[in-house]
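Survey of secondary and tertiary structure
These are the residues of each chain, in order.
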Amino acid sequence: MRFPHGRLRRSAALASVVAAASAVTGLVPGTADAAPRGSAGVVRLLPSSVPTPTPSVSATPSVMVTPAQVVVPEGGSAVIYVRLSQRPSYGWVTVDSQRLSGDSDLSIGPRLLFPADRYSEWQSLLVFAEEDDDATDGTATFESKISQLPGSGVAVWSAIELDNDAPTPSPAPSPS
């Protein structure tokens, strides 16, 4: 059977459109649910087995810390809580904390890991104050930041060491 030249060209164009649509939707030609014979020729496509991509979060999450200042007894520890402000667009987020300045007797616990689906849950970060010989309350400033995003999402907080050493009394003046 011979087709007129214009009709063959339309069939080839239709075939290329079907092939392109199949590549985009993930459907294989021939898997459509065809209309019954004698109908207007409407075709209902079956749902695609290819998952639809979910939009990614474009904004950078920041680190949130509470309280902004913690008091730590000398020789003991205290807790601050850390979480992310919003869902990150990738799997796990690591939050690292470090002392920026102040008393070296104040230190902090390990890094925290946040899975993307639990970004809003508060996690505990331990702050320690080592025993020392002085009788002064030391202070230190710390920062907590997302290690995968240097320079962004930083929280700055402080710790005060509540010293347990009694101050040395000054000698009483001698009577003259």
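Because the structure is a prediction, the values reported are computed rather than measured.

1. Re the packing of aromatic side chains
Under the criterion given, the structure shown has one aromatic pair. For the pair F142 and W157, a centre-to-centre distance of 4.7 Å together with 15 degrees between the ring planes defines the contact as stacked. With F142 in strand β10 (residues 139-146) and W157 in strand β11 (residues 155-162), the pair connects residues that are 15 residues apart, well separated along the chain. One exposure class covers both F142 and W157, and it is buried. When the ring centre of W122 is taken as origin, the NZ or CZ atom of R83, which lies over that ring, is 5.3 Å away.

2. Description of a nonpolar patch on the surface
A cluster of nonpolar side chains, contributed by M64, V79, Y81, W122, L126 and F128, occupies part of the molecular surface with about 480 Å² of accessible area. Broken down by secondary-structure element, the contributors of at least two residues to the nonpolar patch are β5 (77-84) and β9 (123-129). Looking at the secondary structure, you find M64 in strand β3 (residues 63-66).

3. Points about the pattern of salt bridges
One pass over the full model with this rule turns up three salt bridges. For the salt bridge of D96 with R111, the shortest nitrogen-to-oxygen distance reads 2.8 Å. Within this pair, whereas D96 is found in strand β6 (residues 92-102), its partner R111 is found in the loop between β7 (106-108) and β8 (112-115), the two being separated by 15 residues in sequence. Among the salt bridges present, the one from K145 reaches E143, with a minimum N-O distance of 3.6 Å.

The rules behind each value
Residues numbered from 1 in each chain as written. Predicted model: local features only at pLDDT ≥ 70, side-chain atom pairs only at ≥ 80, totals over all residues. Heavy atoms only, no water. Phe/Tyr/Trp six-rings, centres within 6.5 Å; stacked < 30°, edge-to-face > 60°. Helix = DSSP H or I, 4+ residues; strand = E, 2+ residues; numbered from the N terminus. Buried < 20%, exposed > 50% of the residue type's maximum accessible area, 1.4 Å probe, protein only. Lys NZ or Arg CZ within 6 Å of the ring centre and 35° of its normal. Patch = residues over 30% accessible without salt bridge, like charges linked within 9 Å, V, L, I, M, F, W, Y side chains within 5 Å. Areas by Shrake-Rupley, 256 points an atom, 1.4 Å probe, with all protein chains shown as cover. Salt bridge = Lys/Arg side-chain N within 4 Å of Asp/Glu carboxyl O.

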